[in-house]
Amino acid sequence: MKFSEQWLREWVSPDVSTEDLAHRLTMAGLDVDAIENVAGEFSTVVVGEVLTVSKHPDADKLKVCTVNIGEAEALQIVCGASNVVIGMRVPTALVGAKLPGGLKIKKGKLRGEASHGMLCSAVELGLAEQADGLMPLPVDAQPGTDIRDYLNLNDVSIELGLTPNRGDCLGMVGLARETGVLFELDTTAPDMPAVKPSSNEKFAVAVQASEDCPRYVGRIIRNVDMKQETPLWMQERLRRSG
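Residues numbered from 1 in each chain as written. Predicted model: local features only at pLDDT ≥ 70, side-chain atom pairs only at ≥ 80, totals over all residues. Heavy atoms only, no water.

**Q** Could you clarify how one ought to interpret helix α5 (residues 232-240) in this entry?
**A** Each full turn of the α-helix corresponds to 3.6 residues, which orients residues three or four apart in the same direction. Considered for burial, the residues of α5 that qualify are L232, E236 and R240. Seen end-on, α5 carries its buried residues on one side only, within an arc spanning 70 degrees. In this structure, the buried residues of α5 make contact with β1 (2-4), α1 (5-11), α3 (147-150) and β10 (156-161). Just downstream of α5, G242 is the residue with a positive phi angle, here 80 degrees. (Buried < 20%, exposed > 50% of the residue type's maximum accessible area, 1.4 Å probe, protein only. Helix = DSSP H or I, 4+ residues; strand = E, 2+ residues; numbered from the N terminus. Arc of directions from axis to C-beta. Contact = heavy atoms within 4.5 Å.)

See the structure below:
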């Protein structure tokens, strides 16, 4: 079981450090196997809004972009990503930024065109092992906002080595309840409004082991739009949960 500490603390938040939380869980039999940062070490990376994209005059695979970073003047940044488009919000490493792996961003020229920063993929921020291009952000992301703050990246993933008898802690609800008991705190579930059914359609279920399964609940869902993109907050929670 792997979970985000921030997510757990939305349910129950004992006034202890990450290390003390992990120790208490381990002593309760929920052995903590690993604690990992949810992102690589980086700084001076903000939300950028791509204002213009033009072909580089001397390189077929490069594009010259102007990027709004919430300052009075936009930056010119040369980019080689194929998915860069006007209006895109994207993590932007400013001059002076330090990225995972020791990369430092400096003013420079690429094939004669000035470049004052770098548009980033999830790989370059230590958020993924591979990526197809730049990391797109929601269109309402405010230019100039620090990416660590925007994505709540000051977080850790905690991995538990659960024994077979602790299946109750294979989900956030059970884990939050267990943590609440350990620290003598109430758990408070986030607001999750019920989704009303739009159909009376039912699927017949015959429970043969009624003593072992006294209640079986399900819902039929039709017309799922598979082209809809998973919201970034949900992508992040799933990523941090392995």
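**Q** Would you explain the layout of surface pockets in this entry?
**A** A probe matching the size of a water molecule, rolled over the atoms, marks out where space remains unfilled. In this structure, the largest pocket occupies an estimated 550 Å³ of space. Forming the walls of the largest pocket are 17 residues, and the residues nearest its centre are E201, G218, R219, I220 and I221. When its residues are assigned to classes, the lining of the largest pocket shows eight nonpolar, four polar and five charged. By volume, the second largest pocket amounts to about 350 Å³. In terms of lining, the second largest pocket is formed by 16 residues, of which the most central are A122, M135, P136, L232 and Q235. Taken together, the residues of the lining of the second largest pocket break down into ten nonpolar, three polar and three charged. (1 Å grid on protein atoms, 1.4 Å probe; cavity = no way out; pocket = protein on both sides within 12 Å on 5 of 7 lines; lining within 4 Å. Points joined across faces, edges and corners; volume = space filled by probe spheres on them. Nonpolar A, V, L, I, M, F, W, Y, C, P; charged D, E, K, R; others polar.)

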